[in-house]
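# Commentary on secondary and tertiary structure
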Amino acid sequence: MLHVLLHMADTDKAVTSERLAQMMGTNPVVIRRVMAGLREQGLVQSEKGHGGGWRLGRPLVEVTLAEVYRAVGEPELFAMGNRSENPQCLVEQAVNAAIDSALSEAEALLMQRFGEVTLAMLAADFQRRAAARGYPLLKDHPHPETRHDPSHDL
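Summary of the structure given here.

Now for the overall build of the protein chain. Assigned secondary structure in the protein chain consists of 6 helices and 2 strands. The order of α-helices and β-strands along the protein chain, N terminus first, is α-α-α-β-β-α-α-α. In the protein chain, the proportion of contacts linking residues at least 24 apart, taken out of those at least 6 apart, comes to 62%.

This part covers the pairing of strand S2 (residues 53-56). Inspection of the sheet shows strand S1 (residues 44-47) paired to S2 by 4 bridges, in the antiparallel sense. The residue bridging Gln-45 from the neighbouring strand is Arg-55, located in S2. In this structure, the hairpin formed by S1 and S2 is closed by a connection of 5 residues, where Gly-49 is found at a positive phi of approximately 85°.

The next point concerns the side chain of Thr-118. The topology assignment puts Thr-118 in the loop between helix H5 (90-116) and helix H6 (119-132). What makes Thr-118 buried here is its relative accessible area of 13%. Residues in contact with Thr-118, not counting those within four places in the same chain, are Leu-60, Val-61, Val-63 and Thr-64.

The subject of this paragraph is helix H2 (residues 17-24). Think of an α-helix as 3.6 residues a turn; residues three or four steps apart then line up on the same face. For H2, every residue scored as buried is listed here: Ser-17, Leu-20, Ala-21, Met-23 and Met-24. Angular distribution of buried residues about the axis of H2 spans 160°; they occupy a single face of the element. Buried residues in H2 make contact with helix H1 (2-9), helix H3 (28-40) and S2. Of the residues trailing H2, Gly-25 is marked for its positive phi of about 65°.

Okay, the pattern of salt bridges next. Enumeration over the complete set of coordinates arrives at 7 salt bridges. Residues Arg-32 and Glu-18 are paired through a salt bridge, measuring 3.4 Å at the closest nitrogen-oxygen approach. Of the two residues, Arg-32 sits in helix H3 while Glu-18 sits in helix H2, which places them 14 residues apart along the sequence. By relative accessible area, which is 36% here, Arg-32 ends up partly exposed. Relative accessible area serves as the criterion here: at 44%, Glu-18 is assigned to the partly exposed category. Two residues, Arg-129 and Asp-125, come together in a salt bridge whose shortest N-O distance is 3.0 Å. Taken together, the residues span about one helical turn, with Arg-129 and Asp-125 both in helix H6 at a distance of 4 residues. Under the relative-accessibility criterion, Arg-129 is labelled exposed at 56%. Residues joined by salt bridges that share partners form a network here, namely Arg-58, Glu-62 and Glu-67.

Turning to the nonpolar core, a few remarks are in order. The biggest cluster of nonpolar side chains holds 29 residues, and the ones touching the most others in it are Met-8, Leu-20, Met-35, Leu-38, Val-68 and Leu-119. Looking at this core, the elements with two or more residues in it are H1, H2, H3, helix H4 (65-71), H5 and H6.

So, about the environment of Met-23. Here Met-23 is to be found in helix H2. By relative accessible area, which is 8% here, Met-23 ends up buried. Sequence separation of Met-23 and His-3 is 20 residues, and the distance between their C-alpha atoms is 9.2 Å.

What counts, and where the lines are drawn
Residues numbered from 1 in each chain as written. Predicted model: local features only at pLDDT ≥ 70, side-chain atom pairs only at ≥ 80, totals over all residues. Heavy atoms only, no water. Helix = DSSP H or I, 4+ residues; strand = E, 2+ residues; numbered from the N terminus. Contact = heavy atoms within 4.5 Å. Pairing = 2+ DSSP bridges. Buried < 20%, exposed > 50% of the residue type's maximum accessible area, 1.4 Å probe, protein only. Arc of directions from axis to C-beta. Salt bridge = Lys/Arg side-chain N within 4 Å of Asp/Glu carboxyl O. Core = buried A, V, L, I, M, F, W, Y, C linked by side-chain atoms within 4.5 Å.

Structure, rendered in structure tokens:
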């Protein structure tokens with residue numbers, strides 16, 4: 001969704017779910033479902049009718065990665081975890097305690113950092129990278145019409 005939000009920031013017009021789905025290589029229904037969560041948090045607005053679609057609800061400088069993460073339902077940050085929640089084996093209990101502690105600390109640190117990074121910071125970083133390749137504007141960034149891997153975006 002970070003990818004989608006940054007593209008949306010580069011246009012003055014509302015962007016349809018169909019166009020966003022095309023960019024992300026997914027179904028418009030999936031986009032509408034995720035965008036509804038973003039709308040509930042005030043990150044986007046929807047407009048009905050001809051020329052309608054989705055617009056940013058706030059300036060990029062006011063939106064953090066933490067807000068987007070919460071708006072998309074707080075997906076699991078780490079793929080690893082306990083094999084069993086209530087193990088009888090004392091060794092597994094010790095392993096679980098160590099893993100739980102480390103993951104909790106890592107998650108707290110990551111969420112702290114998410115709260116410090118704004119979408120404006122991401123857009124500025126993109127602009128620097130795009131300018132180095134001769135694409136001065138986000139809308140000019142080459143976007144292959146191949147299937148996008150959403151696991152790379154929050």
